[in-house]
Amino acid sequence: MRTTLLLALIVLVIGALYVRRARQRAYRRSHERDGTAQFLASFPGRDHPEALLRQTYAYLLERREAAGDFEGEHFTVAPGHDLRTVYHLDGLDIEDAVLVIADRASARLPKAHDLDDLKGRVATVQDLVEFLVPYFQDDPAAT
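Presented here is an overview of the structure given in this document.

Calculation criteria
Residues numbered from 1 in each chain as written. Predicted model: local features only at pLDDT ≥ 70, side-chain atom pairs only at ≥ 80, totals over all residues. Heavy atoms only, no water. Axes fitted to C-alpha atoms, helices over the stretch in contact; angles between N-to-C directions. Helix = DSSP H or I, 4+ residues; strand = E, 2+ residues; numbered from the N terminus. Parallel < 35°, antiparallel > 145°, perpendicular 65-115°, else oblique. Left-handed = near helix turned anticlockwise from the far one by under 90°. Contact = heavy atoms within 4.5 Å. Core = buried A, V, L, I, M, F, W, Y, C linked by side-chain atoms within 4.5 Å. Buried < 20%, exposed > 50% of the residue type's maximum accessible area, 1.4 Å probe, protein only. Expected span 1.5 Å × (residues − 1).

Digging into the packing of helix H4 (residues 92–104) against helix H7 (residues 125–132)
Step number 1: Taken N-terminus to C-terminus, the directions of H4 and H7 make an angle of 55°; their axes are 11 Å apart at the nearest point. Here H4 lies oblique to H7, going by the angle between them. Crossing geometry of H4 relative to H7 is assigned as right-handed. Of the residues in H7, those touching H4 at Val 98, Ile 101 and Ala 102 are Leu 128, Phe 131 and Leu 132.

As structure tokens, this is what we get:
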């Protein structure tokens, strides 16, 4: 009898832990889905490829988590966010971000001399997206 009760208690605890983790994952997916939708809506009427915006959002969210600034709360990635203060991106980090975002979205990768233009041009999320737009176009002569 004790063995049965102990086994039932163990199954109950494992089940509760499983349900809790499943809810946490669903909660996180919901926040990411809402955040992505908000980010896409931040660029209305512009000809930005959806893959560019989705990958930019995903990268910046990952960056925020890696910096330890994400505590499970709903975080909005806004076009006006400063890359240095909000996402701790500076210099070579911004170059890495450009390359990772372009690669993940299967866009053309910027060449080394193109990355040199980042220093004075890219300070906000909006600047980052605008810099990447030409690499998402089919015509290689666009850059």
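Considering the nonpolar core
Step number 1: With 32 residues, the main nonpolar core has Phe 39, Leu 60, Val 77, Leu 83, Tyr 87, Leu 89 and Leu 132 as its most contacted residues.
Step number 2: Contributions of two or more residues to this core are made by helix H2 (50–66), helix H3 (83–87), H4 and H7.
Step number 3: When residues in this core are grouped by element, the largest group, six residues, is from H2.
Step number 4: Residues contacting Phe 39, with those up to four places away along its chain left out, are Leu 53, Thr 56, Tyr 57, Val 77, Val 125 and Val 129.

Observations regarding H2
Step number 1: Across its 17 residues, H2 extends 24 Å between first and last C-alpha, which sits within 8% of the 24 Å expected from 1.5 Å per residue.
Step number 2: For H2, the set of buried residues is Leu 52, Leu 53, Thr 56, Tyr 57, Tyr 59, Leu 60, Leu 61 and Arg 64.

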